[in-house]
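This is what each chain is made of:
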Amino acid sequence: MSAIEDKTRQETMKCMASHHIPSTYEEAIGLTHMQLGCQAQNTFDKAHTRQRSTSDIYVSDLSVWKHQIAQLLPAQLACP
């Protein structure tokens, strides 16, 4: 039993030693990329919502366009 445990321990240590350990610089880059990815996704979501809202207004009845645009425009301009 001891030989199996020793072999398993050695294989585990060899596996752990073979994995790349990122430096703190790489970790900082990863965090920055993650934050930029979140910002890009949020920007896309906002743009998609605005496009859908505009499309909904366009295909709606002409008589309600002015009312819908009056509601939508201030909300869009308020978003950064």
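Residues numbered from 1 in each chain as written. Predicted model: local features only at pLDDT ≥ 70, side-chain atom pairs only at ≥ 80, totals over all residues. Heavy atoms only, no water.

### Comments concerning the overall build of the chain
Across its full length, the chain holds 3 helices and 0 strands. Helices (α) and strands (β) of the chain occur, in sequence order from the N terminus, as α-α-α. Taken across its 80 residues, the chain has 4% of its residues classed as buried. Looking at the chain as shown, the accessible area adds up to about 7,200 Å², and 65% of this sits on carbon and sulfur atoms. (Helix = DSSP H or I, 4+ residues; strand = E, 2+ residues; numbered from the N terminus. Buried < 20%, exposed > 50% of the residue type's maximum accessible area, 1.4 Å probe, protein only. Areas by Shrake-Rupley, 256 points an atom, 1.4 Å probe, with all protein chains shown as cover.)

### What to know about the pattern of salt bridges
Applying the stated criterion to the full structure yields 1 salt bridge. Where Asp-6 meets Arg-9, a salt bridge forms, and the shortest distance between an N and an O atom there is 3.1 Å. With Asp-6 and Arg-9 both in helix H1 (residues 2–18) and 3 residues apart, this pair spans about one turn of that helix. Accessibility expressed as a relative area gives 36% for Asp-6, which makes it partly exposed. (Salt bridge = Lys/Arg side-chain N within 4 Å of Asp/Glu carboxyl O.)

### Comments concerning H1
With 17 residues, H1 should cover 24 Å at 1.5 Å per step; its first-to-last C-alpha distance of 24 Å lies within 8% of that length. Counting buried positions over the 17 residues of H1 gives 0, only a small fraction of the element. (Expected span 1.5 Å × (residues − 1).)

### A few points about the environment of Leu-73
Position of Leu-73 relative to the elements: it lies in helix H3 (residues 65–78). Residue Leu-73 is classed as partly exposed on the basis of its relative accessible area, which comes to 44%.

### Concerning the confidence of the model for the chain
Scored by pLDDT, the chain comes out at a mean of 76, with 81% of its residues at no less than 70. Summarising per-element confidence for the chain, the mean pLDDT is lowest in H3 (72) and highest in helix H2 (residues 24–59) (80). (pLDDT = per-residue confidence, 0-100.)

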